[in-house]
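Structural features, examined
Now for the letters of each chain:
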Amino acid sequence: MAQDATVPELNFEYWLDKAIKWGQATTLESQKDVCRHLPQLQEFLCQIYETLKRMDSIAIAMQQFPLIGQLLGRLCWNPFVVGYDESQKTLMWCLCCLYSSEPQNPVELKANSWIRSLLCHLLSSSKWESNEAKTSTFISALGYTSADYYSHLVKNVVFSLVTELREDQFSGLNVQGRVSASRVNAVSLFCLPLITLPDLTPLLETLLLYHGGASKEVLSSEFLEAVNEAILKKKISLPESAIFSLWLRHLPSLEKATLYLLDQLVSIQLNSLEEVASVIKDSLLPQAATHPAIFRIVNEIFKNALLGTDGAPEVMTIIQVFTQLFLQAHQNDNKQHKFPLKAYFPCHHLPLVTALLRRPFELPAAHWSQQLKHISDLLKAMVEGTNIGSLADLFETWFLVARFGEWLDIAAEQLLRAAVEPDALLWLLAFYYCPQNENQQRTQIMVKAQEVYSHLMNLFGHTVLSVEDLEAAVHSITDTEQCCNQHLVTHLLTNFLLFSAGGHTIVQEFIYHITEATDTSKEVCSLLMRTAYRMKRSGEENQRAVTLLDELLQKLTLKV
């Protein structure tokens, strides 16, 4: 052993010879020899790591230490070496230094694959358990079962990595001690095969919250995509802060999460907006959208989805529910520091935004008509003035109003249930269903809507109604040449049937007739779901209407 004490620093040949002789330490003699050399070996590995991390390239490291791969590979498979103190962490960091974040040739690609498999072997308990027969003597001597030993091993390695990354994150001006961006990138790649391993969760969180001093993204895109995929499929659970950081730093992940939510909601049969709201809230996107950058990107994706589906009512309803949940999250979070409204709607008329953001339940119901008139007046001044100079600007204004659709539904309801001046509210609905006034189309729709509205108000108090009483309104709906008018009248007529004195007696027959004649089942179903959702949330005591809505939805959803 005297000779061992004089081993020169970084003597690869010496340690490689030892590693070859030790093998996987299956004999008592080799186990004793490994144990005698463990402190020296750990010191040697630390020196290797310090040397490697200061080298400018992988090629230089391989040129200076051509035996490093063979040495590290053998040591990684020796359970006595891996189980000693911090040797496993040091081996991992040495491997990180040899990983090519941007491989240039087949040799580097093969080396990367080999390094990933080694790290997987180091962290995955299943890999170790396959060699339980060879390592059982060592593990038993420590007083552990195999499962307990490797569970503790993984946790200790993860803890060490997390501690080092967090210390580096807050190291201030101590630049020399920092972990390089390339090594952090390598660690993120090494996590790929192990992302769903529960013990790895603290490391995933730390990596997602890690920024370091680099101007470019330090985590690999493959890692970010894999973590996002695991989150979407509920294979892992991470703190909200880590998920929000993922979406902020990696736009493709945010886009995929938003499209995944839309696909999920459109493809499954949902019978109430409570279910829709639950799915949306569970996605964490409304909460994440309290950051303006995330909100604006999600907003663009929703906008494109609406255009791509030709204004599908179910997509519009999803956007409206998302907006309500976003407003709720915005109110609940960031209480000490809220982003200004301009950060979310930088290109919109701020007074209109402020009016729309005022949620209905924040006001007494008696003030709703006044707020709606205020919104209508602001919007009309913009649309008919000089504030909107292009079709693109007009669409942006329309989409802003549409995403706060709860106010539009209340407008249609207030027209029939409250003493209001109808012109402002009818104009608001006419703009929603016909934002362009080409060839005075919106003006014509207003005239027709006023006629239908007057007719419905004359019948509103009648306790006995027949389909024939509503013949004029039916003609307006079935006139396919007036599509915008069809949607507006359907909106008014549906509310009339729900809330008038005698509407409940013919509502099922009439709505079936409308949906069959005009193929508007999805539109009417969305409207009924929104109305039921709003009434239940507001606690409105109109049990007849709520029961009627539930019955209609149960039957209509079977047809959609």
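Now for a quick tour of the structure. (Residues numbered from 1 in each chain as written. Predicted model: local features only at pLDDT ≥ 70, side-chain atom pairs only at ≥ 80, totals over all residues. Heavy atoms only, no water.)

Points about the overall build of the protein chain
Heads up, the condition is: Here a strand is any run of E in DSSP of at least two residues, a helix any run of H or I of at least four, and the numbering for each starts at the N terminus. When a residue's accessible area, from a 1.4 Å probe over protein chains only, is under 20% of the maximum for its type it is buried; when over 50% it is exposed; and in between it is partly exposed. Residue contacts are defined here by distance: any two heavy atoms, one from each residue, within 4.5 Å place the two residues in contact. Each accessible area value is a Shrake-Rupley result obtained with a 1.4 Å probe; residue values ignore everything except the protein chains displayed when judging cover.
Looking only at helices and strands, one finds 32 helices and 0 strands in the protein chain. Buried positions account for 52% of the 560 residues belonging to the protein chain. Nonlocal contacts in the protein chain, meaning residues at least 24 apart in sequence, comprise 71% of its contacts between residues at least 6 apart. Of the roughly 26000 Å² that the protein chain leaves accessible, carbon and sulfur atoms contribute 53%.

Things to note about the packing of helix 19 (residues 292-308) against helix 20 (residues 313-332)
This is how it is decided: Lines fitted to C-alpha atoms define the axes here, with helix axes fitted over just the stretch in contact, and angles between the N-to-C directions of these axes take values from 0 to 180 degrees. Every angle not falling under 35 degrees, over 145, or within 65 to 115 is termed oblique; those three ranges are roughly parallel, roughly antiparallel and roughly perpendicular. Helix crossings get a hand from a simple test, with the near helix turned counterclockwise from the far one by less than a right angle marking a left-handed crossing and a clockwise turn marking a right-handed one. Residue polarity follows a fixed list, in which Ala, Val, Leu, Ile, Met, Phe, Trp, Tyr, Cys and Pro are nonpolar, Asp, Glu, Lys and Arg are charged, and the others, Gly among them, are polar.
At their nearest, the axes of helix 19 and helix 20 sit 10 Å apart, and the two run at 165° to each other. Our classification of the angle between helix 19 and helix 20 gives roughly antiparallel. For the element pair helix 19 and helix 20, the recorded crossing hand is left-handed. Residues Phe 295, Val 298, Phe 302, Ala 305 and Leu 306 of helix 19 form the contact with helix 20, whose own contacting residues are Val 315, Met 316, Ile 319, Phe 322 and Phe 326. Residue composition of the contact of helix 19 with helix 20, grouped by class: 10 nonpolar, no polar and no charged.

Focus on the packing of aromatic side chains
To be explicit about the condition: Centres within 6.5 Å make a pair out of two Phe, Tyr or Trp rings, where for Trp the six-membered ring is used; the pair is then stacked when the planes are under 30 degrees apart, edge-to-face when over 60, and tilted otherwise.
For the coordinates displayed, the defined rule picks out 19 aromatic pairs. The rings of Phe 12, Tyr 14, Trp 15, Trp 22, Phe 44 and Phe 65 are connected pair by pair, giving a single aromatic cluster.

Regarding the side chain of Arg 359
Relative to the assigned elements, Arg 359 resides in the loop between helix 22 (350-357) and helix 23 (368-383). The residues touching Arg 359, leaving out its near neighbours within four places in the chain, are Gln 324, Leu 327, Gln 328, Gln 331 and Trp 407.

Structural notes on the packing of helix 2 (residues 12-22) against helix 5 (residues 68-76)
Remark: helix 2 packs on helix 5, axes separated minimally by 9 Å, with the N-to-C direction vectors making an angle of 35°. Note that helix 2 runs across helix 5; the crossing there is left-handed. On the side of helix 2, the interface is formed by Phe 12, Trp 15, Leu 16, Ala 19, Ile 20 and Trp 22, while helix 5 contributes Ile 68, Gln 70, Leu 71, Arg 74 and Leu 75. For the contact of helix 2 with helix 5, the class distribution of residues is 9 nonpolar, 1 polar and 1 charged.

Section: the environment of Ile 319
Checked against the element boundaries, Ile 319 lands in helix 20. The residues touching Ile 319, leaving out its near neighbours within four places in the chain, are Phe 302, Leu 306, Phe 399 and Arg 403.

With respect to helix 25 (residues 405-417)
Cut-off, in case you're wondering: In a helix, the anticipated span is given by 1.5 Å times the number of residues less one.
With 13 residues, helix 25 should reach 18 Å at 1.5 Å per residue; the first-to-last C-alpha distance of 18 Å fits that figure. With 12 of 13 residues buried, helix 25 is to be regarded as a mostly interior element. Taken as a whole, helix 25 has its buried residues at Gly 405, Glu 406, Trp 407, Leu 408, Asp 409, Ile 410, Ala 411, Ala 412, Glu 413, Gln 414, Leu 415 and Leu 416.

A word on unusual backbone geometry
Trans is the prevailing form of peptide bonds, just as negative phi is the prevailing case for residues other than glycine. A positive phi angle, close to 60°, is found at Lys 234, a residue other than glycine. Mapping Lys 234 onto the fold places it in the loop between helix 14 (221-232) and helix 15 (240-249). Among the residues examined, Lys 234 registers a relative accessible area of 55% and is labelled exposed. Look at Leu 284: it is not a glycine, yet its phi comes out positive at around 70°. By the element assignment, Leu 284 lies in the loop between helix 17 (273-282) and helix 18 (285-288).

Structural measurements only, silent on function.
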